[in-house]
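# Inside the fold
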There are 2 protein chains.
Amino acid sequence: MDERIEISILLDFYGSMLTDKQRDIMNLYYNEDFSLAEISEHTNTSRQAIYDLIKRCNKILVQYENKLKLMEKFNKIKLSKEIILDRLKEIDKSCSDINVSKNINEIVNEINNL
Amino acid sequence: MDERIEISILLDFYGSMLTDKQRDIMNLYYNEDFSLAEISEHTNTSRQAIYDLIKRCNKILVQYENKLKLMEKFNKIKLSKEIILDRLKEIDKSCSDINVSKNINEIVNEINNL
């Protein structure tokens with residue numbers, strides 16, 4: 001996976017573990033596509049300090065993932081959801097009972113909210 | 001929820017974020033039901049130091065849960081799994097097609113592995 005995309009996803013999972021300032025700067029860099037110079041101007045902080053903060057936060061986010069594996073677990077759940085939705089379509093094709101359709105819809109709702 | 005049970009569950013989710021020593025002592029206290037005195041003797045550390053470590057780790061685990069809410073999310077998924085398994089039983093009752101049964105079994109496997 002592209003490193004920028006990976007860090008952006010890790011930010012979704014572990015952003016709450018960073019300080020507000022760290023999260024804001026990481027968000028500007030990885031999600032809003034600001035350059036180091038723009039963030040430096042925007043936050044009135046030196047370009048070097050921004051660079052150091054981003055490197056440090058990258059390391060923190062990767063360490064969290066190595067320990068808690070939330071992205072890995074999320075990807076596993078995503079794959080299971082796809083398999084389940086696919087199997088539900090097969091059931092829907094094989095069976096036209098109105099109660100079955102109702103139950104399938106309820107399962108789809110639960111799956112989509114997982 | 002009983003505080004001891006809650007901390008034991010939080011240890012499952014966030015134990016990897018503690019140091020080996022912290023995790024060992026928390027495990028002895030919350031999962032193996034050792035007393036402070038027994039842990040003190042077992043680890044050759046003062047009772048007060050053990051008490052302080054446990055208090056500090058409790059606070060750390062609760063802080064992680066406040067930020068990442070893994071226990072809350074796990075309980076939500078658990079409830080969804082129960083609803084889905086219940087609806088699958090209903091489908092199984094309404095439809096005796098062999099392909100439907102096969103697909104239901106595959107979904108149950110996926111659900112149980114979530």
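Residues numbered from 1 in each chain as written. Chains lettered and ligands numbered in written order. Predicted model: local features only at pLDDT ≥ 70, side-chain atom pairs only at ≥ 80, totals over all residues. Heavy atoms only, no water.

### Looking at the pattern of salt bridges
Counted under the stated rule, the structure contains 12 salt bridges over all chains. A salt bridge links Glu 106 of chain B to Arg 87 of chain A; the nearest nitrogen and oxygen atoms lie 2.2 Å apart. With Glu 106 of chain B in helix H6 (residues 98-112) and Arg 87 of chain A in helix H5 (residues 70-94), this residue pair bridges two chains. Two residues, Asp 33 of chain B and Arg 4 of chain B, come together in a salt bridge whose shortest N-O distance is 3.5 Å. Of the two residues, Asp 33 of chain B sits in the loop between helix H2 (20-30) and helix H3 (36-43) while Arg 4 of chain B sits in helix H1 (residues 3-14), which places them 29 residues apart along the sequence. Given a relative accessible area of 58%, Asp 33 of chain B falls into the exposed group. Here the salt bridges share partners, and the residues they tie into one network are Asp 86 and Arg 87 of chain A together with Lys 102 and Glu 106 of chain B. (Salt bridge = Lys/Arg side-chain N within 4 Å of Asp/Glu carboxyl O. Helix = DSSP H or I, 4+ residues; strand = E, 2+ residues; numbered from the N terminus. Buried < 20%, exposed > 50% of the residue type's maximum accessible area, 1.4 Å probe, protein only.)

### Brief notes about the side chain of Lys 81 of chain B
Residues and elements named next belong to chain B. Checked against the element boundaries, Lys 81 lands in helix H5 (residues 70-94). Only 3.1 Å separates the side chain of Lys 81 from the backbone oxygen of Leu 114, close enough to count as a polar contact. Non-local contacts of Lys 81, meaning those with residues more than four positions away in its chain, are made with Ile 111, Asn 112 and Leu 114. (Polar contact = N/O pair within 3.5 Å; in protein donor to acceptor, adjacent residues only side chain to side chain. Contact = heavy atoms within 4.5 Å.)

### What to know about the domain arrangement of chain A
Entries for chain A in the domain assignment read domain 1 (3-68) and domain 2 (73-112). Here domain 1 of chain A and domain 2 of chain A have C-alpha centroids that lie 37 Å from each other. (Domains from an automatic or database assignment.)

### Section: helix H2 (residues 20-30) of chain A
For H2 of chain A, the set of buried residues is Gln 22, Ile 25, Met 26, Leu 28, Tyr 29 and Tyr 30 of chain A. Buried residues in H2 of chain A make contact with helix H1 (3-14), helix H3 (36-43) and helix H4 (47-68) of chain A.

### Side note on the interface of chain A and chain B
Across the contact, 30 residues belong to chain A and 30 residues belong to chain B. Buried surface at the junction of chain A and chain B, both sides included, amounts to about 2,600 Å², of which 72% is carbon and sulfur. At the boundary of chain A and chain B, one finds two salt bridges. Where chain A meets chain B, there are eight residue pairs in polar contact (both at pLDDT 80 or more). Mapped onto the side of chain A that touches chain B, the elements with two or more residues apiece are H1, H4, H5 and helix H6 (98-112) of chain A. In terms of residue count, H5 of chain A provides more of the side of chain A that touches chain B than any other element does, 11 residues in total. Along the lines of polarity and charge, the residues of the side of chain A that touches chain B split into 17 nonpolar, six polar and seven charged. (Buried area = accessible area lost by both parts, 1.4 Å probe. Nonpolar A, V, L, I, M, F, W, Y, C, P; charged D, E, K, R; others polar.)

### Notes on the environment of Glu 41 of chain A
Here Glu 41 of chain A shows up in helix H3. Considered as a pair, Glu 41 of chain A and Gln 22 of chain A are 19 residues apart in the sequence and their alpha carbons are 16 Å apart.

### Topic: the nonpolar core
The nonpolar side chains of soluble globular proteins are, as a tendency, buried together. If you look at the biggest cluster of nonpolar residues, it comprises 44 residues, and the most contacted ones within it are Tyr 14 and Met 26 of chain A together with Tyr 14 and Met 26 of chain B. If near-sequence neighbours (up to four positions away) are discounted, Tyr 14 of chain B is found in contact with Leu 68 of chain A together with Leu 61, Tyr 64, Glu 65, Leu 68, Lys 69, Leu 70 and Met 71 of chain B. Within the second largest apolar cluster, 16 residues are counted, among which are Ile 104 and Ile 107 of chain A together with Ile 91 and Cys 95 of chain B. (Core = buried A, V, L, I, M, F, W, Y, C linked by side-chain atoms within 4.5 Å.)

### A word on the packing of H2 of chain A against H4 of chain A
All names here are of chain A. H4 packs onto H2 with a crossing angle of 95 degrees between their chain directions and a minimal axis gap of 10 Å. In terms of orientation, H2 lies roughly perpendicular with respect to H4. Listed contacts from H4 to Gln 22, Ile 25, Met 26, Tyr 29 and Tyr 30 of H2 are Ile 50, Leu 53, Ile 54, Cys 57, Asn 58, Ile 60 and Leu 61. In the contact of H2 with H4, the residues fall into 10 nonpolar, two polar and no charged. (Axes fitted to C-alpha atoms, helices over the stretch in contact; angles between N-to-C directions. Parallel < 35°, antiparallel > 145°, perpendicular 65-115°, else oblique.)

### Regarding the relation of the copies chain A and chain B
With an axial shift of 0.0 Å and an RMSD of 0.0 Å, the rotation relating chain A to chain B amounts to 180 degrees. One copy is carried onto the other by what is essentially a two-fold rotation axis. Measuring from the rotation axis to each C-alpha of chain A, the shortest distance belongs to Cys 95 of chain A, at 3.4 Å. Both copies present the same face, since 100% of the interface residues in chain A are matched by interface residues at the equivalent positions in chain B. (Least-squares fit on C-alpha atoms with pLDDT ≥ 70 in both.)

### Considering the state of the cysteines
Enumeration over the complete set of coordinates arrives at one disulfide over all chains. A sulfur-sulfur distance of 2.5 Å marks the disulfide that ties Cys 95 of chain A to Cys 95 of chain B. Judged by the sign of its S-S torsion, about 135 degrees, the cystine formed by Cys 95 of chain A and Cys 95 of chain B is right-handed. In this pair, Cys 95 of chain A sits in the loop between H5 and H6 while Cys 95 of chain B sits in the loop between H5 and H6, so the two residues belong to two different chains. An identical accessibility class is assigned to Cys 95 of chain A and Cys 95 of chain B; each is buried. (Disulfide = S-S within 2.5 Å.)

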